[in-house]
Amino acid sequence: MVEQTNIDGPIEPYTITGNEPVINDDPSDTSKHRVVIVGSGFGGLAAAQQFKGRDDVEVTIVARTGHHLFQPLLYQVATGILSVGEIAPSTRMILRDQDNARVVLGDVENIDVENQTLYAEMGHVSFAVEYDSLVVAAGAGQSYFGNDHFEVYAPGMKTIDDALELRSRILGCFEQAEITEDEDERRRLLTFIIVGAGPTGVEMAGQVAELAHKTLTDSFRAINPADARVVLLDAAPLVLPPFGENLGGKARQALEKFGVEVQLNAMVQNVDYDGIEVKDSSGEVRRISASCKIWSAGVAASPLGKHLAEQTGAEVDRAGRVMVNEDFSLPGQKNIFLIGDMVNLNNWPGVAPFAQQGGRYVAKLISNELDGASTTQRKPFKYFDKGSMATVSRYSAVVKVGKFEISGFVAWVMWLAVHLATLVGFRNRFMAIVSWGMQVNGNRRAQLTSTKQWAYGRQAMMRLEEK
Ligand SMILES: Cc1cc2nc3c(=O)[nH]c(=O)nc-3n(C[C@H](O)[C@H](O)[C@H](O)COP(=O)(O)OP(=O)(O)OC[C@H]3O[C@@H](n4cnc5c(N)ncnc54)[C@H](O)[C@@H]3O)c2cc1C
């Protein structure tokens, strides 16, 4: 039983009754193989698109959001560079020319493996979807390592709502600092803490610093935005640990040049309204007063993974990722595949290319078997690692491809080219170029809109759920 929040009615407990209408059980058409995909992110969309042109397959994507989110650029929405539509085009629009694909908005609550049916709800409407093959690409959420109460004070950045909330919180701090006459409070409002020095934390710290030091220059009268203190902290001894010491060191230098205070070996002990409590490697515990705290320190796989693992005997790792077979299937279930951030396969990284390659592999496998290929001898999936990259600030990025490492301006140009190429849609690419041009040449950002509702919506919803 799950708490259901109705848009147009009171909150009621949502229970699966088994009487939900099945949305894809047309008895007049049993000739088609029903592929149901959960999630419209990198993995789900790649899988769906791979079926394009197959008349013998009916694809149903069930996702809790109506958009395909390009998560790597969320931080640019949070810091006012890009608009929401540029990184989150409608999935329905992306797939409108693919006749065999249907998009259904819904939160999947339960998957009944034995009866090959999943149950979902959308507002106060609940429904069932039957499948012949199931691809689950439900991604991952933020992990607070058992301290979920930190979330309300230090939101993570996984969704469009998170990015808009963070944008409103960041800008709201400058606005409040402009009017307060209390010096200590002003200092607290102008202190921004980013927890987690992985790619997202580094990108976020760089952009908050750029906002304070460049974009907002001359736009306030009582405060100087450049007085803002931007602190990036991590329990690890290194910035960007997966990039190694050399590139991590360069990223740190670039951040510090840009005015970011980097604090390593610093373990967050507590987060509250006023600030953050940190324990250093010496054992000393200290407080940093800060109004705006941003969490980018850990991931937890979608709970749908554990739910399926419990029914099939699959193992789950500490981050909730399911240990799948080498063809992404679950033990004893040749027609259920889990891909992307919610799986652990050979410890390959939770990145977009892994999800996309997994989606295409699984779709090809299903297609080949429909064409008569053997189901007993499946060729294992092999991940093609294209390398990793992260921007630090304007003109500065780090790129690692195998043993090849590069940093600075050339790396930044490479980052720009790759992100432009992978954004969905010509219009979005064009708009991104315009926005990046404005930012780099004129220190301007077109998306500095913020609202009270974006800033406080999470708290209101949490209170609603508590009732
Ligand atoms: C801030 C940030 C920056 C990143 N930067 C990079 C980067 O620079 N390079 C890179 O390669 N990777 C990056 N990543 C990681 C990359 O975005 C993920 O690896 C990738 O999105 C995983 O794809 P996925 O399909 O597994 O999940 P996602 O893309 O997260 O998609 C999950 C989908 O499932 C849906 N869903 C979840 N639960 C349910 C449910 N119960 N019912 C219905 N639908 C559900 C969601 O709405 C969504 O559509 C970044 C991630 C973040 C958060």
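A quick note: this is a predicted structure, and the numbers were derived from the prediction, not measured.

Undergrad: Got a minute to help me understand the overall build of the protein in this structure?
TA: In terms of regular secondary structure, the protein is built from 13 helices and 25 strands. Taken over the C-alpha trace, the protein has a radius of gyration of 23 Å; the compact-globule value for 467 residues is 23 Å, and the two agree within 12%. Once the C-alpha set of the protein is aligned to its principal axes, its extents read approximately 70 × 55 × 45 Å. By sequence separation, contacts in the protein at least 24 residues apart represent 64% of the contacts at least 6 residues apart.

Undergrad: Sorry, what's going on with the domain arrangement of the protein here?
TA: Note on interface size: it is often stated as the accessible area lost on association of the parts. On domain assignment, one finds that the protein holds domain 1 (2-64 + 106-142 + 300-370) and domain 2 (148-297 + 394-461). A straight line from the C-alpha centre of domain 1 to that of domain 2 covers 33 Å.

Undergrad: I tried to follow the confidence of the model for the protein on my own but got confused; where do I start?
TA: Keep in mind that low pLDDT regions are not for reading the predicted coordinates in detail. On average, the protein scores 92 in pLDDT, and the residues at 70 or more come to 96%. Under a pLDDT of 50 for its full length, residues 1-11 has, in the predicted model, 24 contacts with residues more than four places off or in other chains.

Undergrad: Could you clarify how one ought to interpret the UniProt feature "domain: FAD/NAD(P)-binding" (unreviewed entry) in the protein in this entry?
TA: Here the UniProt-annotated "domain: FAD/NAD(P)-binding" (unreviewed entry) positions come out as residues 34-359. Secondary structure within residues 34-359 divides into 30% helix and 28% strand; the distance between the first and last C-alpha atoms comes to 16 Å.

Undergrad: Sorry if this is basic, but what is going on with the pairing of strand β8 (residues 125-130) here?
TA: The two faces of the sheet receive side chains in turn, since in a regular strand these alternate between them. In the sheet, strand β7 (residues 117-122) pairs with β8 via 6 bridges, with the strands oriented antiparallel. Directly across from Leu118, in β8, lies its bridge partner Val129. Between the antiparallel neighbours β7 and β8 lie 2 residues, among them Gly123 with a positive phi of about 65 degrees.

Undergrad: What should I look at first to understand the site of the ligand in this one?
TA: In the vicinity of the ligand, 32 residues are found, and the nearest of them are Gly39, Gly41, Gly43, Gly139 and Gly340. Residue assignment for the shell around the ligand shows that the elements contributing at least two residues are α1 (42-50), β4 (57-63), β6 (107-112), α7 (199-215) and α10 (352-370). Its residues placed into classes, the shell around the ligand shows 16 nonpolar, 12 polar and 4 charged. Composition of the shell around the ligand by domain shows at least three residues from each of domain 1 (2-64 + 106-142 + 300-370) and domain 2 (148-297 + 394-461).

Undergrad: Explain the sheet that holds strand β16 (residues 285-289) here, please?
TA: Strand pairing within a sheet occurs via backbone hydrogen bonds; the two strands may be parallel or antiparallel. Read from one edge of the open sheet, 3 strands run β14-β15-β16, paired in antiparallel fashion. Single-partner strands in this sheet number two, and they are β14 (267-271) and β16. Taken pair by pair, the neighbouring strands of this sheet meet at an average axis angle of 30 degrees, ignoring direction. In this sheet, strand β15 (residues 275-279) lies alongside β14 in antiparallel orientation, the contact comprising 4 bridges. Each residue of the ladder has a partner; that of Asn270, found in β15, is Glu277.

Undergrad: Explain the UniProt feature "transmembrane region" (unreviewed entry) in the protein to me, please; I cannot follow it from the model alone.
TA: Per the UniProt record, the feature "transmembrane region" (unreviewed entry) sits at residues 406-426. Secondary structure content for residues 406-426 is 71% helix and 14% strand, while the C-alpha to C-alpha distance between its ends is 29 Å.

Undergrad: Where do I start with helix α13 (residues 452-466) in this structure?
TA: Given 3.6 residues per turn, any residue in an α-helix points the same way as the ones three and four places further on. With 15 residues, α13 extends 21 Å between its outermost C-alpha atoms, agreeing within 8% with the 21 Å of an ideal straight helix rising 1.5 Å per residue. At Arg458, α13 shows its maximal kink, close to 35 degrees. Counted residue by residue, α13 has 0 buried out of 15 residues, so it is predominantly exposed.

Undergrad: Is there a simple way to explain the sheet that holds strand β20 (residues 329-330) in this structure?
TA: The strand order across the open sheet built from 6 strands is β5-β4-β3-β9-β21-β20, with neighbouring strands paired in mixed fashion. Strands at the two margins of the open sheet, each flanked by one partner only, are β5 (101-105) and β20. The pairing of β4 with β5 spans 5 bridges and is parallel. Its bridge partner lying in β5, Thr60 is registered against Arg102.

What counts, and at which threshold
Throughout this description, residue numbers start from 1 for each chain and increase along the sequence as written. Reporting of local features is limited, given that this is a predicted model, to residues whose pLDDT is at least 70; pairs of side-chain atoms are given and counted only at 80 or more, and all residues count toward the totals for whole chains, interfaces and linings. Numbering goes from the N terminus for both helices and strands, where a helix is a DSSP run of H or I of at least four residues and a strand is a run of E of at least two. This radius of gyration counts C-alpha atoms alone. The globule rule is 2.2 Å times how many residues there are, raised to the power 0.38. Note on contacts: residues are paired as contacts if their backbone-placed C-beta atoms lie within 7 Å. What counts as a domain boundary in this text is fixed by an automatic or database domain assignment. By definition, pLDDT measures how confident the predictor is in each residue, and it falls between 0 and 100. UniProt positions are given in the numbering used here, feature names are shortened, and annotations may be inferred rather than shown by experiment. Pairing between two strands requires that DSSP report at least two bridges joining them. A residue counts as near a molecule or strand when its C-beta atom, positioned from the backbone, falls within 6 Å of it. For this scheme, ten residues count as nonpolar: Ala, Val, Leu, Ile, Met, Phe, Trp, Tyr, Cys and Pro. Four count as charged, namely Asp, Glu, Lys and Arg, and the remainder, Gly too, count as polar. Axes here mean lines fitted to C-alpha atoms, for a helix over just the part in contact, with angles spanning 0 to 180 degrees between N-to-C directions. Expected helix span is computed as 1.5 Å times (number of residues minus one). Throughout, the bend at a residue refers to the angle made by two axes, fitted to the seven residues ending there and to the seven starting there. Exposure in this text rests on C-beta crowding, where 20 or more other C-beta atoms within 10 Å of a residue's own make it buried, 12 or fewer make it exposed, and counts in between make it partly exposed. The C-beta atoms are placed from the backbone.

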